[in-house]
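# What the coordinates show
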Amino acid sequence: MSRTSRRAISSIIATILFLFGSSLIQAQSSLSNNNWQLVWSDEFNGPTGSLPDSTKWTYDTGGGGWGNNEEEVYCAAGSNASPCNTATPNAALDGNGNLVISAYNNGGTWTSARMKTEGVQNFQYGRIEARMKLPMGAGIWPAFWLLGSNINTSNWPLCGEMDIMEWVPQYHASKTSSTIHGPFSGGFGVGSSFIFPNNGTVSDFHTYGIIWSPNQAQFYRDDPSNVYFTIQNTSDIPGDWVFNHPFFIIMNLAMGGYFPGYTDPTTPNPAVTTVDYVRVYRAAHTPVAGPTAINSGGASAGSFFADTNFNGGTAISTNAAIDTSLIPAPVPPQAVYQAARQGESQYTINNLVPYAPYNVQLQFAETQFSQPGDRVFNVTINGQTVLNRFDILAAAGGRNKAVEGNFKANADQYGNIVVHLTPRMSNPPLISGLGVTQTVDNEPTSGPVLIDAGGGDVDSFIADTDYAGGNQASSFASVDTSRISAPVPPQAVFQSERWAPSTYTIGGFTPGSSHTVTLYFNEIYWTQPGQREFNVLINGNQVLTNFDIVGMTGAQNRAIEEQFPATANSSGQIVIHFAIGAADQPKVGGIAVN
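Counting of residues starts from 1 at the beginning of each chain's written sequence and follows it residue by residue. Local features are withheld for residues below a pLDDT of 70 in this predicted model, meaning they are given only at 70 or higher, and side-chain atom pairs are given and counted only at 80 or more; totals for whole chains, interfaces and linings count all residues. Computation of side-chain values: all heavy atoms of the structure, hydrogens and water removed.

### Observations concerning the side chain of Asn471
Quick note on the threshold: Helix and strand definitions here come from DSSP, where helices need a minimum of 4 consecutive H or I residues and strands a minimum of 2 consecutive E residues; each element is numbered from the N-terminal end. The contact definition used throughout considers only heavy atoms, calling two residues in contact when any of these lie within 4.5 Å.
In this fold, Asn471 is placed in strand β33 (residues 467–474). For Asn471, the contacting residues outside a window of four places in its chain are Asn150, Ser154, Leu158, Val242, Glu497, Arg498, Trp499 and Ala500.

Shown next, in the form of structure tokens:
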């Protein structure tokens with residue numbers, strides 16, 4: 001179910017796979033975890049006819065077939081714009097603790113609802129579930145799913161999609177499916193189906209859920225300890241894993257289309273999906289990928305994850321109110337300062353762009369000692385000392401008073417930022433929270449522009465910037481740069497890349513000025529000619545057609561460069577667009593504009 005379509009015709013093939021056999025990936029038991037903490041939910045408690053909570057839900061609206069020639073027009077809750085009608089509400093509470101999503105046929109036109117948390121709440125990892133009962137009938141297609149929050153920049157399927165539950169009439173009364181979609185599959189998907197035992201049907205209440213962790217997704221029905229389908233970032237998929245970043249939740253009820261087929265006089269009117277609740281849990285200490293914010297020693301609080309990614313130390317807490325008057329907005333929740341990790345400890349934030357610059361924010365509050373000098377310690381980031389003989393009490397000016405430190409740091413060659421706290425006296429170090437965020441655009445304002453596409457600062461090349469679309473990937477394999485003219489960029493430029501359709505808009509030039517654009521390429525994925533062929537345009541002029549890196553170099557990990565004259569446009573920009581050609585996705589390792 002793409003942002004503007006429901007995977008169009010290609011999704012038909014995905015679903016047909018479930019009708020005739022499930023995935024080769026077999027069900028397996030979930031790892032037991034009894035430390036799930038509820039971090040977000042909607043229980044749909046409210047008076048009969050009231051609208052869903054607008055602080056939790058937004059809506060996709062409109063018709064047009066959604067790429068699948070569907071019959072419904074999606075309406076926002078409470079909309080009275082034709083064909084939507086408040087007399088036949090498409091999303092409302094029933095007064096009994098349920099949300100009712102209804103599809104109505106009003107004079108030959110179906111209206112329905114497609115609710116989402118986009119714009120108000122994104123999620124990354126955890127256990128996400130909904131308790132629902134579903135309608136059955138010709139043309140009915142209810143779904144509960146997750147879509148990558150980067151949909152507007154990376155587009156579908158590069159943003160990733162995880163379908164927790166789908167039902168279509170071809171499944172009959174007892175079967176539902178779960179599927180993931182990414183650049184490795186598009187509309188085909190990789191998934192499996194589940195049949196309820198003991199004559200259970202989708203018209204009964206069932207819980208549909210996913211246990212999502214770095215490099216893994218596990219799907220279950222009713223019992224999270226009994227996973228029926230697991231997919232991992234291994235040989236389970238034939239390409240890039242795009243599920244280690246934030247996603248948002250969608251619930252919708254589609255009607256008719258090329259697939260699963262059209263409604264007919266037997267289709268119930270209204271067709272009703274009833275939702276008891278939607279809940280999001282996180283497990284204690286589940287590792288998270290960066291950029292991220294972590295509540296050291298504590299539970300999930302606001303945008304801060306429960307304590308994770310640590311080694312060493314002990315969790316402590318207090319109920320005392322913390323003075324946050326020294327903390328600039330946005331101020332973290334009180335809970336971040338009321339918990340802490342005490343003792344020599346180390347936090348490792350991974351899955352960052354190798355060598356790229358980041359902001360590291362450290363949160364502290366002294367909740368135990370009352371005299372300056374009682375607790376003194378050092379803090380290093382990737383081996384560099386950023387706080388020497390740090391005294392929280394002295395810095396904050398009092399007990400139970402928060403203070404923060406902000407530092408610039410580059411991720412290491414593996415995409416890690418490591419924060420290490422070590423004692424300088426007998427009393428142990430302490431940290432209340434930490435956050436790692438990306439820096440802003442760091443393009444130079446004069447002179448040549450050298451960009452490490454998909455990578456970080458290295459020598460004269462700046463971290464990836466000025467792009468729209470695409471995804472980052474990297475490799476640590478040695479690259480043959482013998483074909484590159486002097487000065488040869490560092491290996492890291494060729495070991496990182498931005499792949500998939502993308503556009504670099506590099507500005508600050510004099511309109512009409514002449515420049516030379518050098519594009520650096522290296523194939524880190526494919527090994528044979530013809531497996532990747534793509535196009536490149538500079539200011540609208542196509543300069544490369546079905547460019548084949550391996551076809552040009554003869555091997556994987558053998559770099560090549562291409563140079564072109566370019567004239568800055570009327571806005572003083574050089575616009576470089578990487579587009580799909582005859583095979584697979586476009587890519588670039590580095591860009592130089594002289």
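Don't stop here, the text continues.
### Here's the deal with the pattern of salt bridges
Test applied: For salt bridges, the criterion is a side-chain nitrogen of Lys or Arg within 4 Å of an Asp or Glu carboxyl oxygen. Residue exposure (1.4 Å probe, protein chains only): buried if accessible area is under 20% of the type maximum, exposed if over 50%, otherwise partly exposed.
Applying the stated criterion across every chain yields a total of 14 salt bridges. In this structure, Arg114 and Asp60 form a salt bridge, with 2.9 Å as the shortest nitrogen-oxygen distance. Linking Arg114 in strand β7 (residues 114–116) with Asp60 in strand β2 (residues 58–60), this pair joins segments that are 54 residues apart in sequence. Between Arg498 and Asp464 there is a salt bridge, and its shortest N-O distance comes to 2.8 Å. Placement of Arg498 in strand β34 (residues 496–506) and of Asp464 in the loop between β32 (462–463) and β33 is noted, with a sequence separation of 34 residues between them. Take Arg498 and Asp464: they sit in the same class, and that class is buried.

### What to know about the sheet that holds strand β12 (residues 190–195)
Two modes of strand pairing occur in sheets, parallel and antiparallel, and in both the strands are linked by backbone hydrogen bonds. Here is the rule we go by: Note on pairing: two strands pair once DSSP finds at least 2 bridges between them. Here an angle of 0 to 180 degrees is reported between the N-to-C directions of two axes, which are lines fitted to C-alpha atoms, with helices fitted over the stretch in contact.
Ordered by their spatial adjacency, seven strands build an open sheet running β2-β7-β16-β9-β10-β11-β12, and the pairing between neighbours is antiparallel. Of all the strands in the sheet, just β2 and β12 have a single pairing partner and so form its edges. Geometrically, the sheet is characterised by an average inter-axis angle of 20° between neighbouring strands, direction not taken into account. As judged from the five bridges shared by strand β9 (residues 140–148) and strand β10 (residues 161–166), these two strands associate in the antiparallel manner.

### What to know about the pairing of strand β8 (residues 126–133)
For a regular strand, the rule is simple: side chains alternate between the two faces of the sheet. Within β8, six of the eight residues are buried, leaving the element largely enclosed by the surrounding structure. Pairing of β8 with strand β13 (residues 206–213) involves seven bridges; the strand directions are antiparallel. Looking at β13, one finds that Gly126 is bridged to Trp212. Here β8 pairs with strand β17 (residues 271–283) via seven bridges, running antiparallel. Paired with Arg131 across the two strands is Tyr277, which belongs to β17.

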